[in-house]
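Coordinate analysis (summary)
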Amino acid sequence: RPRDNAVPMPISNGDGQVLSVGQQPQAAPPAPHPISTDLDGASAGAIPFSTGIAPTTPAGLVPSDGASPGGSGSPPHSGDDLAMRQNLQPSVAHVPREASGGDASASSSLAGAGLPISSSAAAPPSASCSDSGAAPGHAFAPPAQLVHGSVLGTSASVGSGQGAPHGDADALGSMSTGLSSMAGDPALLGQGLLAGGPSFVPHGATDPVAEDTALAAAAHDLAALDPLRQQMLGTGVTVLADAGRGSRRDGGAPGVTPIDESERVALVKHLNWALKGDPHTGDVVPMDPSGDAVFKAAAPGVLLSKFVLRVAPAALDPRALNLPQGRPLGSDAKLQNQTLCLNAVTAVGCGVQGLSPRQLVDAPSHQQGTLQLVWNLTRSALLGPIKTSKMPQLNGLCLVGEDPAVLAKYRPEQVLLRWVNHHIRGYLEASPEQAAVPRTFRVTNLHADLADALALAIVLHQVLPHRSAAWDAACAALGASSTSERAEGVLEAARLGGVEMFEPQAGDLTAPRPRMLLAFVAAIFHTHPGLVEQPAAPKAAKARRALRSNPSQAREEAALRMWMASLGLGLESLSSLYEDCRDGVAFLRLVDFIKPGTIDWSRVLLEPRSIYERVQNCNHAVRAARFLGLVVEGFSGKDLADGISMYILSMASQLMRAHVCLFLDELGLGEGDVLEWANCQVRRHDDAFEMRLRGFADAQIRTGVFVLRLLRAVAPECTREELILPGDTEEERAQNARYAISCAHKAGCTVFATWEDVIEGRPRMILCLLAALMAEDLRRHEEESQAAPAA
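Source: prediction; values computed, not measured.

Turning our attention to the overall build of the protein chain. Scanning the protein chain from terminus to terminus reveals 30 helices and six strands. Across the 791 residues of the protein chain, 55% fall into the buried class. For the protein chain, long-range pairs separated by at least 24 residues make up 67% of all intrachain contacts whose partners lie at least 6 apart in sequence. For the protein chain, the accessible surface area stands at approximately 31800 Å², while carbon and sulfur atoms represent 54% of it.

What follows is the structure, encoded as C-alpha cells:
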C-alpha cells in the first residue's frame, strides 16, 4: 500500500554484500512472499510474526509457489484443481544435512502411529511455544518447516488476514534479515539464525510508520553473523530436514522454553507428593528436589509410568509394566517400560515432540525432555478436572445474565482467570473501606499480572477459612510493604492452608515463571475453590444428558483430539473438536500433513472473522478431502462451519484412518488385507485357536482375546500368556481390552483406541488398532532382514 514515509533500505544481493541504499518507493511495492513463523497462534502465549521482505531464491531451487527464480510471484490459480498443486514442490530441501548436523538416514516411522512411511509424509511440528511457560510474544519455525510449498497454518502478511506460499531460501543465509525484534533475547536470536533468518515483524501492525521502521530494521545482512549461527548449530539444536521435525539433543521439544532449576525443584516436589505411598516407587520416593535423583529414578520407566497412572488411570494397565523382582531391570525391560509410558501419554495428549523411549532410558542425558514430560502430566492433572461438566459449582462464576453454556466452552486457563477475578471482585465489594487496592483492579493473565503476588494474596484471603492461622498469614501478606515479602507471605498462607499439591518458591512468583504460577493457582483452586454449589443450568444439564446418552461419541471425539495433538501441527490446544474445527484450518492442516502440497495456503483464511469466511475454509477442506478419496458426499463446508457433530466426527475420523493407513496405500494394500493379515498371524502363532474375524465389526473381537493373541504373534515379549482371560464375563472382557491396549503401546504402537472401543467393537477404531499392529510387524520384519546380512 502507499506509504507516507520513505525509509532508506539497504539492498542485499543474497551473498552477504550490500549493493546500494535507496529510498522505499511511495507506491505499493510488488507483493512479497511472506514467510511465517507461526502456526495460526495455536499455542497459548505465542504471538505470530511474518516477514515483509521478499526472499531471494538461490540458483537451483524451484520456488514452492511456482514463481520464477527471480521471485516475481506466482500466476493466479484457476478453479480448484488441487491436483495441480502436487507438481509445485521444491526440488531441494531447505536445510542441508551438513548444516543441520542431522542423521543422514530417512525417517521410516509414521508420526503419532508408529507406521512405516516415506519421509515425505512427515509433517513439521508446531514450533511455537506449547504451554503457558513459553516466552511471551515469540514463535519460531524450524528451517525444515519451509518444505512442501507451504507452512502448515502459514500466518498472513501484515494486515492481510490471509496466508500465502513462500519462496525458498538457503539454510545458511541468502536472505536479507531483520533482527531488531530478536536483539533483546539471545535464545530468540539464535533460533532466528538457525531458521535461516526471516525478519520478524509483529503480525497485525498496521501503522505505516511502525511497519516501515520494522522493515528498515530488517535490512541487516545475515552473512555477517555466520560465526554466531555456527555457534548456535553446535549448542544442542538438531534440525531434521527430511522428517520436518526439530528436536533438541537434550531431549526437549523444539520451540519450548527450557525448564530451569527452580521449576525442576517444584516439579520433583509434586512427583514426591503424587507418588507418596506407592509400593513400587518407595525405594526412590521421596527424591531430593535439588539434585539429579529424579533422572536416575526415571530411567527404568516405573516412576513415570506410575505417575501416568496417577494422572490418567485409564491410560495404562499396570499389568503391562515390567517391575523389578528383587533385582534391577535389564535394558530391554527398561526400554519396554518407557515405550509403554510414552505411547500412553501421547494417547492422552501429554506427549513431548521428539522425545523417544531410548532418550528416557538415558534420562540423565536428556533432562529437558524428561522434565517436559513431567510438566505435561502435571499440567493435565491440575487443569484436566476444571470443567463445568465435572464441577457444577463453576457455574457460580457466570456474570450477571451470562449463559452458563458460554462458560462451559472456556479452557481451564480461562476458567481459572475468571475464578481469580471473581474473588478479587468479592474482596473489593466486601471491603469498601480499604484503599490499598484500586476498585477497578483485575488481572488479565496468570503470569505477569500475578508477579506482585497481590492478586494471590486477595484470593487466599477470600478462600481460606476465616480466623485461621492461614487466613491471618494471608492478611499479613496483603499488608506487606514489598513484593518479595508479599510473595513469601502468600506461600506461607498456602502452606498453612494445606495447599500441598504444588509448592513453588517465592522467586517463581515474582520472576514471573508462567508454568509455576499456572500450577500454583490451580493447586489453590483444587484445595480451596471458595465456590458455592450451583444448580445445573437447563442447557448444561441437557448437554450432559446427551453426553451420557452417547459416551462412545464422546470417547471418539477425545481420541481424535489426542491424535491431532500428537502430530505436531500446533493442534495441542484443541479443547473441543466441534468448536475448534469450525474454522476449517485444523482440517486443512491435517489434509496437507497426510498429502503434502495439497493445500494452496494463499487461498486459506487463517483467522476467519465471520461465518462466511469459515464456510470458505471448510469448503476448501471438503474439496481437499474428496481429492484424498474420503467420503464427503453427505455434507458440505457449511455443515462443518456450523459445528454439526456428526459431520465433524466423520471428517476427522476419515482423516485419522487415512493417516494410519498411509503405509497400506504405499504397499498397494487395502483394509481387507489388514483383516487377512491379522487372521493369518493368529492362526500361524496358534493352530488350535479357531477364532477368525469376518470384519472389523465382528462380535468375536469384543472379548479382547483375538487382539491379545495377535499381540502374542507380533510382539510375544510384550504380552504374557497367563494374563489372557477367556472373556466369558463382562469383567474379563474389560480386563482383556485394557491389557491389550497397553500391550500395543508397549510393543511400539501409538494407538488412540480405548479399551471401551474394543469391548464395543467399534469398527473404525478396531481398524486403526489392527493397522498399527500390522505396521509394527512389518517394521520388525524389516529390521530382521537388514540385520541378517550383517550377521
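On to the packing of helix 21 (residues 585-594) against helix 24 (residues 645-660), then. Where helix 21 meets helix 24, the axes come as close as 10 Å, and the angle between the chain directions of the two elements is 20 degrees. Between helix 21 and helix 24, the crossing angle belongs to the class labelled roughly parallel. Where helix 21 crosses over helix 24, the handedness of that crossing is left-handed. Taken together, the residues of helix 24 that come into contact with helix 21 (itself represented by Phe587, Leu590, Val591, Phe593 and Ile594) are Ile648, Met651, Ala652, Leu655, Ala658 and His659.

A general trend in soluble globular proteins is that nonpolar side chains are found buried together. Within the largest apolar cluster, 187 residues are counted, with the highest numbers of intra-cluster contacts made by Leu416, Trp419, Met564 and Phe587. It is helix 30 (residues 763-790) that provides the largest number of residues to this core, a total of eleven residues. Sequence-distant contacts of Trp419, that is, excluding residues within four places in its chain, are made with Leu397, Val459, Val463, Val521, Ile524, Phe525, His528, Pro529 and Leu531.

To continue, consider the packing of helix 8 (residues 331-347) against helix 28 (residues 730-747). How two helices sit against one another is set out by the angle between their axes and by the gap between those axes. Interaxial distance between helix 8 and helix 28 falls to 7 Å at its minimum, and their mutual angle equals 115 degrees. On the basis of their axis angle, the class for helix 8 and helix 28 is roughly perpendicular. Of the two possible hands of crossing, helix 8 and helix 28 adopt the one that is right-handed. Taking contact as the criterion, the partners of Gln336, Thr339, Leu340, Asn343, Ala344 and Ala347 in helix 8 are, on helix 28, Ser742, His745 and Lys746. Residue composition of the contact of helix 8 with helix 28, by class: three nonpolar, five polar and one charged.

Moving on, we get to the pattern of salt bridges. Two side chains bearing opposite charge may form a pair once their charged atoms approach each other closely. Per the counting criterion, the structure on display carries 32 salt bridges. Where Glu783 meets Arg779, a salt bridge forms, and the shortest distance between an N and an O atom there is 2.5 Å. With Glu783 and Arg779 both in helix 30, this residue pair falls four residues apart, about one helical turn. Look at Arg779 and you get partly exposed, because its relative accessible area is 26%. Three or more residues joined by partner-sharing salt bridges are found here, namely Arg555, Glu556, Asp757, Glu760, Arg762 and Arg764.

This paragraph deals with helix 21. Of all ten residues that make up helix 21, ten are buried, and the element is covered over most of its length. Residues of helix 21 that are buried include every one of Val585, Ala586, Phe587, Leu588, Arg589, Leu590, Val591, Asp592, Phe593 and Ile594, and no others. If you follow the buried residues of helix 21, they end up packed against helix 19 (551-566), helix 22 (611-628), helix 23 (637-641), helix 24 and helix 25 (662-667).

Turning our attention to helix 14 (residues 469-478). Structural remark: α-helix, 3.6 residues per turn; residues separated by three or four positions point the same way. Among the residues of helix 14, Ala470, Trp471, Ala473, Ala474, Ala477 and Leu478 are the ones counted as buried. End-on, the buried residues of helix 14 take up no more than an arc of 160 degrees, which puts them together on one face. With respect to the buried face of helix 14, the exposed residues turned more than 90 degrees away are Ala469 and Ala476. Elements that come into contact with the buried residues of helix 14 comprise helix 12 (412-430), helix 13 (454-463) and helix 15 (483-496).

Conventions and cut-offs
- Residues numbered from 1 in each chain as written.
- Predicted model: local features only at pLDDT ≥ 70, side-chain atom pairs only at ≥ 80, totals over all residues.
- Heavy atoms only, no water.
- Helix = DSSP H or I, 4+ residues; strand = E, 2+ residues; numbered from the N terminus.
- Buried < 20%, exposed > 50% of the residue type's maximum accessible area, 1.4 Å probe, protein only.
- Contact = heavy atoms within 4.5 Å.
- Areas by Shrake-Rupley, 256 points an atom, 1.4 Å probe, with all protein chains shown as cover.
- Axes fitted to C-alpha atoms, helices over the stretch in contact; angles between N-to-C directions.
- Parallel < 35°, antiparallel > 145°, perpendicular 65-115°, else oblique.
- Left-handed = near helix turned anticlockwise from the far one by under 90°.
- Core = buried A, V, L, I, M, F, W, Y, C linked by side-chain atoms within 4.5 Å.
- Nonpolar A, V, L, I, M, F, W, Y, C, P; charged D, E, K, R; others polar.
- Salt bridge = Lys/Arg side-chain N within 4 Å of Asp/Glu carboxyl O.
- Arc of directions from axis to C-beta.

Just distances and angles here, no functional claims.
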